[in-house]
Amino acid sequence: MAHDPTRPRPRSLTGRIFAGVVSLLDGTRRLLLNLLLLLLIAAGAALLWQRLHVPALPEKTTLVLDLAGSIVDQPSAGGVRGQVLAQLRGQDERQLRLRDVLAVLDAAARDEQVTQALLLLDDLRPTGLVTLREVAAGLERFKASGKKVVAWGAGYDQRGYFLAAHANEVWMHPMGLVFIEGYGRYRSYYKEAFDRIGVSANVVRAGKFKNAAETWSASGPSPETVESDRALYGSLWATWTAGVERARKLPAGHVAAYVDGIPGTLQAAGGDTARLAQESRLVDALKTRDEMRKTLVERGAADEKNKTFRQVSFGEYLARVKPQDASKSDSIAVVVAQGEIVDGRTGPGLVGGLSTADLIRKAREAEDVKALIVRVNSPGGSAYGSELVRRELELTRAAGKPVVVSMGDLAASGGYWISMAADEIIADEATITGSIGVVGMMPSAEDALAKIGIRSAGTTTTWLAGAIDPKRNPDPRLLAAVQSGIDHAYGHFVGLVAKQRKLPRERVEAVAEGRVWGGKDARSHALVDRLGTWADAVAAASQRAKLPEGATARLRYFEPEAGRLQKLLKGFGLQEAEAAQAAAHFEQGLAQIVGAGLRGEGAVLPGAGFAAPFVDELGWLADVAARRQPFATATHCLCGAP
């Protein structure tokens, strides 16, 4: 029988199997997306119901402050993808907002139903000393209301113990350890490795202390780096030990003696680290979890249903904190400048020259805004991006609206460039600032490629064509031109500091040179106006705005636009802070599920912790190489809050 060409040919067995697999995958994808959408709708509805039907808090409730994650001024906008990648690298990206922690502590201090607080710090992640000091001040305000704080931990590292020391009592598991290590770091230096493989960093800089690129151009720290680090770490260590000894009512030098004496005292304690901590008066009692719960039940009230003490979690209590009265006519704007500084637009956790300048301009143009506070927590970055932000602050002052800068853990290099435009700069004694210097770098790999037989050649019309190609070593004329640009940018930086801070140029030059300073030293060199806290910055802005004396300032945060999930949750009627927190919790939970699935049983990638510092350091070098902007200048300290 003749074949009818209009009829489709029957599929082969292989074709039918392939089509079935494709159909199955497509159906699974649709099912998962629909389930995710239903989950979002259910979560939003549940949050709205919880917000509208918040049960009254019973008396004798214990506030449980489980500070799981890093405490930051502004959580980064990594999203699920970023958090999954961080988990695969062995990093924990959970973040808590500092202002949320302080709001909960201050509200609970006034709440008659809350009688005590339990501080849990086992999951506290890297957090700067200035931020820890702000939380410690919040704990002290809570205690001043007549309520007790108890800290309990399986053990304490240095950052966790700093907060625990501010509790009325410090409890620890009988198998625990108080691990205090002091401050300092060991950098990796890549020059010899680069020389062996034929890579050149080609660093140009202005400022003998400007060591941001030293790890790629030297085999060890310079004498200037050693001098600067010794002074900075010594200052931070003095602040940390003094804070702990004052809170624990210990004599000066007690902490240092504890650390120095560990080899002998631990042996005398039979190797029992918990016993050593108790005998050293660093902890008050050794208790297991069940013993901790029993004691808190006796001091508070029992939750018969859950067989524990009556309690409210940090997240649950944050949802109860009422936002400030939006009907007040006058407000103080707050713009957070956290993270590295780049030229363009960014989300939360980075400082975009254009996006952050836009936020400042919006604050300036808002009629209800009478003053502006900029919370700076940045190691710097792009000089151009820094200048965009500084200029907007200068225009804000010219418009008659006072500007106060509150420095967080880090306000160095480009972070200081931003800060100097303020009417008043308030830093903590543990703030890392200064680093008034400029650096540039043009990595090249011509020699490395030559070793494997790859050459670069061609014809150009000018000597600049192809001059920044990383496959070729830079032309000496280009390096000289870049050095000239770096020197000019440095001179401009120093001149701006002298002008804005009303200091003789010679005095600025003496404390510049790229050197970082602790807050106390920065104050003595007039780089900041005074030492103080976030609350001091709010008070200063209120005074400069001439708000009624004794009135509580309404803070209005100008922040990057909310993400899609946060917008969806706000559509359910949640306040901005509630929507942001709910979105963050959802993304973190989803990231943990996905990350665990990719890793298998929650295991991190082999060697992830070991490789992380190298990935960060070499990643910055690769980023510089990718941009290939020879006349761009970086005001970056390449440092972080220890």
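As a reminder, the structure under discussion sits directly above these lines.
Residues numbered from 1 in each chain as written. Predicted model: local features only at pLDDT ≥ 70, side-chain atom pairs only at ≥ 80, totals over all residues. Heavy atoms only, no water.

(A) Structural view of the overall build of the protein chain. Looking only at helices and strands, the protein chain has 24 helices and 24 strands in total. Evaluated residue by residue, the protein chain yields a buried proportion of 46% over its 642 residues. Approximately 31,300 Å² of the protein chain is accessible, and the part contributed by carbon and sulfur atoms is 56%. (Helix = DSSP H or I, 4+ residues; strand = E, 2+ residues; numbered from the N terminus. Buried < 20%, exposed > 50% of the residue type's maximum accessible area, 1.4 Å probe, protein only. Areas by Shrake-Rupley, 256 points an atom, 1.4 Å probe, with all protein chains shown as cover.)

(B) Representation of the pairing of strand β15 (residues 369–378). The buried fraction of β15 amounts to nine of the 10 residues, a majority that puts the element mostly inside the structure. The pairing of strand β12 (residues 331–338) with β15 spans eight bridges and is classified as parallel. Bridging across to β15, A337 finds its partner in V376. Of the strand pairs in this sheet, β15 and strand β17 (residues 403–412) are connected by six bridges, and their pairing is parallel. Bridge assignment links V376 to a residue of β17, and that residue is M407. (Pairing = 2+ DSSP bridges.)

(C) Expanded view of the packing of helix α14 (residues 353–365) against helix α15 (residues 383–398). Two elements in contact, α14 and α15, have axes separated by 8 Å at closest approach and are oriented at 10 degrees. With respect to their mutual orientation, α14 and α15 come out roughly parallel. Contacts between α14 and α15 involve G353, L354, T356, A357, I360, R361 and R364 from the former and G385, L388, V389, E392, L393, L395 and T396 from the latter. Taken together, the residues of the contact of α14 with α15 sort by class into seven nonpolar, four polar and three charged. (Axes fitted to C-alpha atoms, helices over the stretch in contact; angles between N-to-C directions. Parallel < 35°, antiparallel > 145°, perpendicular 65-115°, else oblique. Contact = heavy atoms within 4.5 Å. Nonpolar A, V, L, I, M, F, W, Y, C, P; charged D, E, K, R; others polar.)

(D) Molecular detail of the sheet that holds strand β8 (residues 285–286). The six strands are arranged β8-β6-β5-β4-β1-β11 in an open sheet whose pairing can be described as parallel. A single partner strand is all that each edge strand has here, and the edge strands are β8 and β11 (311–313). In this fold helix α12 (residues 289–299) packs onto β4 (114–120), β5 (148–153), β6 (169–172) and β8, with an angle of close to 150 degrees to the strand it touches most, β6.

(E) Main features of the environment of P470. With respect to the helices and strands, the residue P470 is situated in the loop between α17 (446–451) and α18 (476–501). On a C-alpha basis, the gap between P470 and E446 in space is 7.2 Å, while along the polypeptide they are 24 residues apart.

(F) Inspection of the pairing of β5 at higher detail. Of all six residues making up β5, five are buried, and the element is well covered by its neighbours. Two elements, β4 and β5, share five bridges in a ladder whose sense is parallel. For A117, the partnering residue across the bridge sits in β5 and is V149. Across four bridges, the pairing between β5 and β6 is parallel. Its bridge partner lying in β6, W152 is registered against W171. Once the chain exits β5 it traverses helix α5 (residues 158–164) before rejoining the sheet at β6, and the crossover so formed is right-handed. (Right-handed = clockwise from strand over helix to strand, strands pointing away.)

(G) Structural detail: unusual backbone geometry. Although it is not a glycine, K60 sits at a positive phi angle of roughly 55 degrees. Position of K60 relative to the elements: it lies in the loop between α1 (13–52) and β1 (61–66). K60 gets classed as partly exposed once you look at its relative accessible area, which sits at 42%. Residue K502 is not a glycine yet carries a positive backbone phi of 55 degrees. With respect to the helices and strands, K502 occurs in the loop between α18 and α19 (505–511).

(H) Inspection of the nonpolar core at higher detail. Counting 64 residues, the largest nonpolar core has L67, Y161, L163 and V178 as the members making the most contacts within it. If you tally residues by element for this core, the top one is helix α3 (residues 98–110), at eight residues. Within the second largest apolar cluster, 54 residues are counted, among which are V335, I341, A383 and L503. (Core = buried A, V, L, I, M, F, W, Y, C linked by side-chain atoms within 4.5 Å.)

(I) Quick look at a nonpolar patch on the surface. Together, L31, L32, L35 and L38 make up a nonpolar patch on the protein surface, roughly 410 Å² of accessible area in all. Locating L35 in the fold gives a position in helix α1. Residue L35 is classed as partly exposed on the basis of its relative accessible area of 45%. (Patch = residues over 30% accessible without salt bridge, like charges linked within 9 Å, V, L, I, M, F, W, Y side chains within 5 Å. Salt bridge = Lys/Arg side-chain N within 4 Å of Asp/Glu carboxyl O.)

(J) Representation of the pattern of salt bridges in the model. Under the counting rule described, the total for this entry stands at 32 salt bridges. Residue K471 pairs with D469 through a salt bridge whose shortest N-O separation is 3.0 Å. Residue class for K471 comes out partly exposed when judged on its relative accessible area of 40%. Salt bridges here are not isolated pairs; linked through shared partners, they connect R345, D358, R361, R364 and E392.

(K) Fine view of the packing of α3 against helix α4 (residues 129–144). One can describe the packing of α3 onto α4 by two numbers: an axis separation of 8 Å at closest approach and a directional angle of 10 degrees. The angle between α3 and α4 places the two elements in the roughly parallel class. For the pair α3 and α4, contact is made by L98, V101, L102, L105, D106, A108 and A109 and by T131, E134, V135, G138, L139, R141 and F142, respectively.

(L) The arrangement of the side chain of T225 in detail. Inspection of the secondary structure puts T225 in helix α8 (residues 223–247). Looking at T225, its side chain comes within polar contact range of the side chain of E214, at 3.0 Å. Apart from the residues lying within four places of it in its own chain, the contact partners of T225 are R187, N211 and E214. (Polar contact = N/O pair within 3.5 Å; in protein donor to acceptor, adjacent residues only side chain to side chain.)

(M) Structural context of the side chain of S435. Looking at the secondary structure, you find S435 in the loop between β19 (432–434) and β20 (438–441). A relative accessible area of 2% means that S435 is categorised as buried. Among the polar contacts listed, one links the side chain of S435 to the side chain of K210, at a separation of 3.0 Å.

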